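Summary of the model geometry
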Amino acid sequence: APAKRGATPHTSHETTTTMAFSAKTIEVIKATAPVVAEHSLNITKTMYKTMFKRNPEVLAFFNMQHQRSGAQPRVLADAVVQFASNIETLGAIGPLVSRIKHRHCALSILPEHYGIVHENLMIAIGDVLGDAVTPEIGGAWSEAVMGLAQILIDEEEALYKALEARPSGWRGERDFILKKKEVLGDDTVEFTYEPASTPDGKPAAFGFNAGQYTTVRIPELECSPRHYTVTSLVNADTMAYTCRKVKGGAMSTYMHEKLQEGDTVGLAPPCGTFMAPGEAANEGAVLLTAGIGITPAWAMVQNYGADVIKGAVHVDKTPTTDGLRNKFVAAGVNAQTYYTGEDHKAKPDMAAITAEMVAKCGVDPSYYVVGPAPFMEDVESALKVAGVKNVYSEVFGTGTMATQH
């Protein structure tokens, strides 16, 4: 049966981050961390260039737009700096490890891939820092990088097992057949799939946490997988996501223009840490979204019910691109909507709108923020000024708000 309206939201998978490094390694990492941090972005840019040349097989896992924009090197640089800065208190990087393991399991990353990253990262450190990397320093960083790799390998194996143990769960990619392609608005389509087969022959009932994303790989399309928020009900016998066509986007353009009902794609089990925490059912949730960022908000609305939603604001280009508005209304949630126009010139004052929403709903609910980076920055700044502490955001792409610039 589908999830009951008003059901208690799930919490994210907990992460236990432990690894015993030698006292000498810790000493060297602490001493050299500032220098590595200063050059971290140059190191990671060099690492990716080197790895793609030496190990082109890994290109299948990477969205090259994130390379061109510099987002992926920034994300890795941030991870390296966080790890080195917390070498003695690895529990502090639990949220980082949780985000990484979910993305890696979504992409079907395996232990052997870490050896490739380790080798190319050490080459990049040597290339960038040169003679400053003595055998002692190189050895310490090699041990530390492999230690972090082992943490991730262990965490990811535990998550793979948890994904398999869910109702109708699986690991890696699984074949699904497109059952329905429904146009919701201009350039916005919901794709609904059914499994190509079920292991026990029984109807599927897919378990996941509302707000998570599935990962799509299309065999006929030579590009890396893409991630889309699951917009079907928890425990439904189909899996759906809603996608907006992106100008120049290889995957979204193919799905909108060429993918037909009856075609087969590979889907990974829903992953991601953007989920309503347990207290949302008690204090309520406020949704602040823009563009296709409305999809995780819709996932929460339809799975937890309108009673949990204390307020909602959505910004879009035009009423015809606002494809999920009617579904919100039908579910009993009347979001405040603002339209910027196709040229985005009529941008609303999100600082003022957010302040009004906090005045109406209070500081106790959980506030969920999803949309383009400038929108999220404005909203999160206003929430901070208003004294809201429970703020959850999701970047559509890679990394966090801190790594977008």
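We now turn to the structure provided with this report. Every chain is numbered on its own, with residues counted from 1 as its sequence reads. pLDDT decides what is reported in this predicted model: residues at 70 or higher carry local features, side-chain atom pairs at 80 or more are listed and counted, and totals for whole chains, interfaces and linings draw on all residues regardless. In computing side-chain properties, one takes all heavy atoms of the structure into account and sets aside hydrogens as well as water.

Topic: the overall build of the protein chain
Counting from the N terminus, the helices are the DSSP runs of H or I reaching at least four residues and the strands are the DSSP runs of E reaching at least two. Within the protein chain, the secondary structure is distributed over 13 helices and 11 strands. Values of the radius of gyration come from C-alpha atoms, whereas the globule rule sets the reference at 2.2 Å times the count of residues to the power 0.38. In terms of overall dimensions, the protein chain is globule-like: its C-alpha atoms have a radius of gyration of 22 Å, near the 22 Å expected for 405 residues. In terms of principal-axis extent, the alpha carbons of the protein chain reach across some 65 × 50 × 40 Å. Note on contacts: a residue pair is in contact if any heavy atoms of the two residues lie within 4.5 Å. Pairs at least 24 apart in sequence give 75% of the contacts found in the protein chain among residues at least 6 apart. All accessible areas in this document rest on Shrake-Rupley with a 1.4 Å probe, and a residue is counted as covered only by the protein chains that are shown. Carbon and sulfur atoms provide 53% of the accessible area of the protein chain, an area that totals close to 18,200 Å². Residues counted as positive are Lys and Arg, residues counted as negative are Asp and Glu, and His and the chain ends are not counted. Charge coordinates come from a single atom per side chain, which is NZ of Lys, CZ of Arg, CG of Asp or CD of Glu. Positive and negative side-chain charges of the protein chain, numbering 36 and 45 respectively, have mean locations separated by a distance of 4 Å.

Quick word on helix 10 (residues 294-304)
For every residue, the accessible area (1.4 Å probe, protein chains only) is compared with the maximum for its type, and the residue is labelled buried under 20%, exposed over 50%, or partly exposed between those bounds. With 11 of 11 residues buried, helix 10 is to be regarded as a mostly interior element. What helix 10 keeps buried is the set Ile294, Thr295, Pro296, Ala297, Trp298, Ala299, Met300, Val301, Gln302, Asn303 and Tyr304. Residues of helix 10 that are buried in the fold lie against strand 4 (226-229), strand 5 (239-244), strand 7 (285-290), strand 8 (309-316), helix 11 (325-330) and strand 10 (366-370). A positive backbone phi angle near 95° is found at glycine 305, which sits one or two residues after helix 10.

Some details on the environment of asparagine 390
Position of asparagine 390 among the secondary structure elements: in the loop between helix 13 (373-385) and strand 11 (391-394). Look at asparagine 390 and you get partly exposed, because its relative accessible area is 26%. Between the C-alpha atom of asparagine 390 and that of serine 366, which follows or precedes it by 24 residues, the distance is 4.9 Å. Contact partners of asparagine 390, with chain neighbours within four places excluded, come to Asp364, Pro365, Ser366 and Tyr367.

Concerning unusual backbone geometry
For serine 108, which is not a glycine, the phi torsion comes out positive at approximately 65°. Relative to the elements of secondary structure, serine 108 occurs in the loop between helix 5 (94-106) and helix 6 (111-129). Judged by relative accessible area, serine 108 falls into the buried class, the value being 19%. Of note in the backbone geometry, histidine 344 takes a positive phi value of approximately 60° without being a glycine. Within the secondary structure, histidine 344 is located in the loop between strand 9 (336-339) and helix 12 (350-361). On the basis of relative accessibility, which here comes to 40%, the residue histidine 344 falls in the partly exposed class.

A closer look at the pattern of salt bridges
Here, a salt bridge means any side-chain nitrogen of Lys or Arg that lies within 4 Å of a carboxyl oxygen of Asp or Glu. Tallying each qualifying case throughout the model produces 12 salt bridges. As a salt-bridge pair, lysine 24 and glutamate 136 come within 3.2 Å of each other at their nearest N and O atoms. Of this pair, lysine 24 sits in helix 1 (residues 23-38) while glutamate 136 sits in helix 7 (residues 135-165), placing them 112 residues apart in sequence. Note that glutamate 182 is salt-bridged to lysine 180, the shortest N-O span being 3.9 Å. The network of salt bridges with common partners includes Lys24, Glu27 and Glu136.

Re the nonpolar core
Looking at soluble globular proteins, one finds that nonpolar side chains tend to be buried together. The term nonpolar core refers to a set of buried residues drawn from Ala, Val, Leu, Ile, Met, Phe, Trp, Tyr and Cys, joined through side-chain atoms within 4.5 Å. In terms of nonpolar packing, the biggest core is built from 44 residues, with Met51, Phe83 and Trp141 touching the most fellow members. The set of elements that each furnish at least two residues to this core consists of helix 1, helix 2 (40-54), helix 4 (71-85), helix 5, helix 6 and helix 7. Among residues more than four places away in sequence, those in contact with methionine 51 are Pro56, Val58, Phe62, Ile116, Val117 and Asn120. Counting 25 residues, the second largest nonpolar core, distinct from the first, contains Cys223, Val230, Val234 and Leu259.

Examining the sheet that holds strand 9
We call two strands paired when DSSP finds no fewer than two bridges between them. Taken in spatial order, the five strands of this open sheet run 9-8-7-10-11, and their pairing is parallel. Because the sheet does not close on itself, it has two edges, and the strands there are strand 9 and strand 11. Strand after strand, the sheet turns through a mean of 10° between neighbouring axes, direction not considered. As paired strands, strand 10 and strand 11 are joined by four bridges and run parallel to one another. Bridge pairing in strand 11 places valine 369 opposite serine 393. Axis geometry follows a simple rule: fit a line to the C-alpha atoms, using only the stretch in contact for helices, then measure angles between N-to-C directions, giving values from 0 to 180 degrees. Along the sheet, helix 10 makes contact with strand 7, strand 8 and strand 10, crossing strand 7 at roughly 150°. Packed on one face of the sheet, helix 13 meets strand 7, strand 8, strand 10 and strand 11 and runs near 160° to strand 10.

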